[in-house]
Amino acid sequence: MITMTPQGFSAPSAPARLLGIPLGDFGFFRSLLLAAATGFLTFFAVCFLAIFGLLFYNILGHHQINYADSYRYVAFPAGVIVLFVSLIFFVGVWLRRRITAK
């Protein structure tokens, strides 16, 4: 609802959004779950791409690289990095909401 103030119109403030998801409305446990889901999603997406990358590399270059390397050296580090970054982000959003007491 837009209200009239002596300075002009004021619009209600909306929480921060990422892809349509309001980020400021999550509690601590939901923030942890979102961070874990982001890490797992990144792990599986990067693993999928790394396996297909190794598949094409092995077929086109006549190499024999083990497919387990896509888990160990590509997908796991990417998942862990995104997990830590998303933990910092989501817990930071939660803490900012708690500190400002909105």
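To be clear, the structure that these remarks concern was listed above.
For clarity, every value in this text was computed on a predicted model and none was experimentally measured.

For the rest of this paragraph, the subject is unusual backbone geometry. Positive phi, close to 55°, is recorded for His 62, a residue that is not glycine. Position of His 62 relative to the elements: it lies in the loop between helix 1 (28-61) and helix 2 (68-100). Residue classification places His 62 among the exposed residues on the basis of a relative accessible area of 71%.

Looking now at the packing of aromatic side chains. Within the structure shown, the criterion is met by five aromatic pairs. Ring centres of Phe 43 and Phe 44 lie 5.1 Å apart, and the angle between their planes is 75°; on these two criteria the pair is classed as edge-to-face. Ring centres of Phe 89 and Phe 90 lie 5.2 Å apart, and the angle between their planes is 70°; on these two criteria the pair is classed as edge-to-face. A residue is classified by how much of its surface remains accessible, and Phe 89, at 38% relative accessible area, is partly exposed. Three or more aromatic residues joined by ring pairs make a cluster, and in this case those are Phe 48, Phe 52 and Phe 56.

Taken together, the side chains of Phe 48, Leu 49, Phe 52, Phe 56, Ile 59 and Leu 60 make up a nonpolar region of the molecular surface, amounting to roughly 680 Å² of accessible area. If you trace the backbone, Phe 52 turns up in helix 1.

Okay, helix 1 next. Given a rise of 1.5 Å per residue, 34 residues ought to cover 50 Å, and the 48 Å separating the end C-alpha atoms of helix 1 matches this to within 8%. Three or more residues of helix 1 are buried, namely Ser 31, Ala 35, Gly 39, Thr 42, Phe 43, Cys 47, Ala 50, Leu 54 and Asn 58. Elements in contact with the buried residues of helix 1: helix 2. The positive-phi residue at the C-terminal boundary of helix 1 is His 62, with phi of around 55°.

Pairs can form between side chains of opposite charge once their charged atoms are near each other. Tallied over the full model, the rule gives one salt bridge. With its nearest N and O atoms 3.9 Å apart, the salt bridge here joins Arg 72 to Asp 69. Here the residue Arg 72 and the residue Asp 69 both occupy positions in helix 2, the gap between them amounting to three residues, near one helical turn. What makes Arg 72 partly exposed here is its relative accessible area of 46%.

Compared with the 48 Å implied by 1.5 Å per residue over 33 residues, the 46 Å span of helix 2 between its first and last C-alpha is a close match. Approximately 35° is the largest bend angle found in helix 2, and it occurs at Ala 75, with the proline Pro 77 only one to four residues beyond. Burial in helix 2 covers these residues: Ser 70, Ala 75, Gly 79, Ser 86, Phe 90, Val 91, Val 93 and Trp 94. Where helix 2 is buried, its residues meet helix 1.

Reading the values: rules and limits
Within any chain, residue numbers begin from 1 and follow the written order of that chain's sequence. Local features in this predicted model are restricted to residues whose pLDDT is 70 or higher, and side-chain atom pairs enter the listing and the counts only when it is 80 or higher, whereas totals over whole chains, interfaces and linings include all residues. Note that water and hydrogens are dropped before the side-chain values are worked out from all heavy atoms of the structure. Note on conventions: DSSP H or I runs of at least 4 residues are helices, E runs of at least 2 residues are strands, and numbering of each starts at the N terminus. Each residue is assigned to one of three classes by its accessible area relative to the maximum for its type, calculated with a 1.4 Å probe on protein chains only: buried under 20%, partly exposed between the two thresholds, exposed over 50%. When the centres of two rings from Phe, Tyr and Trp lie within 6.5 Å, Trp using its six-membered ring, the rings pair. Their planes under 30 degrees apart give stacked, over 60 give edge-to-face, and anything left gives tilted. Two distance rules govern patches: like charges are joined within 9 Å, and nonpolar side chains (Val, Leu, Ile, Met, Phe, Trp, Tyr) within 5 Å, applied only to residues with over 30% relative accessible area and no salt bridge. Only the protein chains shown count as covering a residue, and every accessible area follows the Shrake-Rupley method with a 1.4 Å probe. Definition used for salt bridges: Asp or Glu carboxyl oxygen within 4 Å of a side-chain nitrogen of Lys or Arg. The span one expects for a helix is its residue count, reduced by one, times 1.5 Å. Residues count as neighbours in contact if any of their non-hydrogen atoms are within 4.5 Å of one another. Bend is the name given here to the angle between axes fitted to two runs of seven residues, the run ending at a residue and the run starting at it.

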